[in-house]
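A closer look at the structure
Here is how the chains run, residue by residue.
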Amino acid sequence: SHGLDGQRLDTADVGGSPGTLVTGAGFIWALDDEDGSVTQLDPSANILRKFQVGVEPLGMEFLGDHLWITDPERGSVSQISLQGGLTTQLEIAGSPGAITRTPEQVLVVDGEFQTVTGIDPGGEVVGTFKYPAEIELDGFSYVPGVPTAFLSTPNALWIAFSNLGQVMRLTPAGTYTGLARIPTGLVSMAWVDDELWVASTDAGSITRISSDGTLLETHSIGGSPAAITYDGENAWVVDDQKNGLIMLLQTDSTP
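Anyway, here's the lowdown on the structure attached to this text. (Residues numbered from 1 in each chain as written. Predicted model: local features only at pLDDT ≥ 70, side-chain atom pairs only at ≥ 80, totals over all residues. Heavy atoms only, no water.)

Here's the deal with the overall build of the chain
- Scanning the chain from N- to C-terminus turns up 0 helices and 25 strands.
- Taken against the 2.2 N^0.38 rule, which gives 18 Å for 255 residues, the C-alpha radius of gyration of the chain at 18 Å falls within 12% of a compact globule.
- Counting only residues that meet the buried cut, the chain has 48% of its 255 residues in that class.
- Summed over its atoms, the accessible surface of the chain is roughly 11,900 Å², and 49% of this surface lies on carbon and sulfur atoms. (Helix = DSSP H or I, 4+ residues; strand = E, 2+ residues; numbered from the N terminus. Rg over C-alpha atoms; globule rule 2.2 N^0.38 Å. Buried < 20%, exposed > 50% of the residue type's maximum accessible area, 1.4 Å probe, protein only. Areas by Shrake-Rupley, 256 points an atom, 1.4 Å probe, with all protein chains shown as cover.)

Focus: a negative patch on the surface
- Taken together, the side chains of Asp33, Glu34, Glu56 and Glu73 define an acidic patch exposed on the protein surface.
- Note that Glu34 resides in the loop between β2 (27-32) and β3 (37-41).
- Overall, Glu34 belongs to the exposed group, its relative accessible area being 63%. (Patch = residues over 30% accessible without salt bridge, like charges linked within 9 Å, V, L, I, M, F, W, Y side chains within 5 Å. Salt bridge = Lys/Arg side-chain N within 4 Å of Asp/Glu carboxyl O. Lys, Arg positive; Asp, Glu negative; His and termini not counted. Charge placed at Lys NZ, Arg CZ, Asp CG, Glu CD.)

Notes on the pattern of salt bridges
- Taken as a whole, this structure holds 4 salt bridges when the rule is applied.
- Close ionic contact of Arg74 with Asp71 constitutes a salt bridge, the shortest N to O distance being 3.6 Å.
- For Asp71, a relative accessible area of 2% corresponds to the buried category.
- One salt-bridge network, in which partners are shared between bridges, spans Glu195, Arg208 and Glu217.

Description of the side chain of Asp239
- Tracing the backbone through its elements, the reader meets Asp239 in strand β24 (residues 235-239).
- One buried charge, Asp239, has no salt-bridge partner; the nearest side chain with opposite charge is Lys242, at 4.2 Å.
- Other than its neighbours up to four places away in sequence, Asp239 contacts Gly222, Gly223, Ser224, Pro225, Gly244 and Ile246. (Contact = heavy atoms within 4.5 Å.)

As C-alpha cells, then:
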C-alpha cells in the first residue's frame, strides 16, 4: 500500500500470483487466478486468512458483505462469505468472466453467448440481456470477441475487447450505443471525472473516452501501464515495466 504522496506504507507477501484486488467490509481481498485462492488482509497488510474459491477464477467484486467470483472454466459465479465459505454458486451459461458492480447488483459478462447477467446481493439472478454479436463500424463488420474488462459508471456500461482494441458502450438497460477504438493488448479501465480512462499495457498509453462514448484522445505515457484507478482527485497507474506507481494530474481533463 502507498499513501497519496506516493510513500510506501505496508507490504504483505501473499505468495502465488495475486492479480486482482478489491476492498470491502474494511478488508482488502487479493485474488490469485493461478492457484484459485483469495487472501484476506486488514488495512495494515496483515494476512488474516487464505481460502480456495475456484478452479480458474477470473473476476472478483465485493457487494453486500460477500465476495463474488467468476470462474469461466466451470461456468459459475460464486458468492463467498467474509469467512471464506461458499454461500451460493450460480451456474451461468457460457464463460462468465469480467465482472463489475452497481450499488444494487453485480454484473457478469459472457463472451460466448454475448450476455450480461445481473445478480442481486442475495444471490438471485435479476435479469439478463444480450449485447451485439456483430457491429458495423466504418463500413466493416466486427465480431467483438472475448470481453477482457467490464466497468459500470453512472450512466453506462463499458466492455473492453482487448484483442480487437475496442470498448463498447451500453446503457444501464443494455442498449448498444457505440464503439470506441483503443490500442490492442491488456487494458484496465477507470472512471475519471466524468470520463472513461483506459490504460493500455502494450501501447504504454492512456485513452480518454467521453461519457457519451466519443473518443477524445490517446496519450502516450510510456512503460507498461497495467492497472488504473481514481481517488476522486487524481488517477493512479501501476507500471509493470518501470516497477512504479504513477500519479496522473489533471489539467483541463488532460493527463
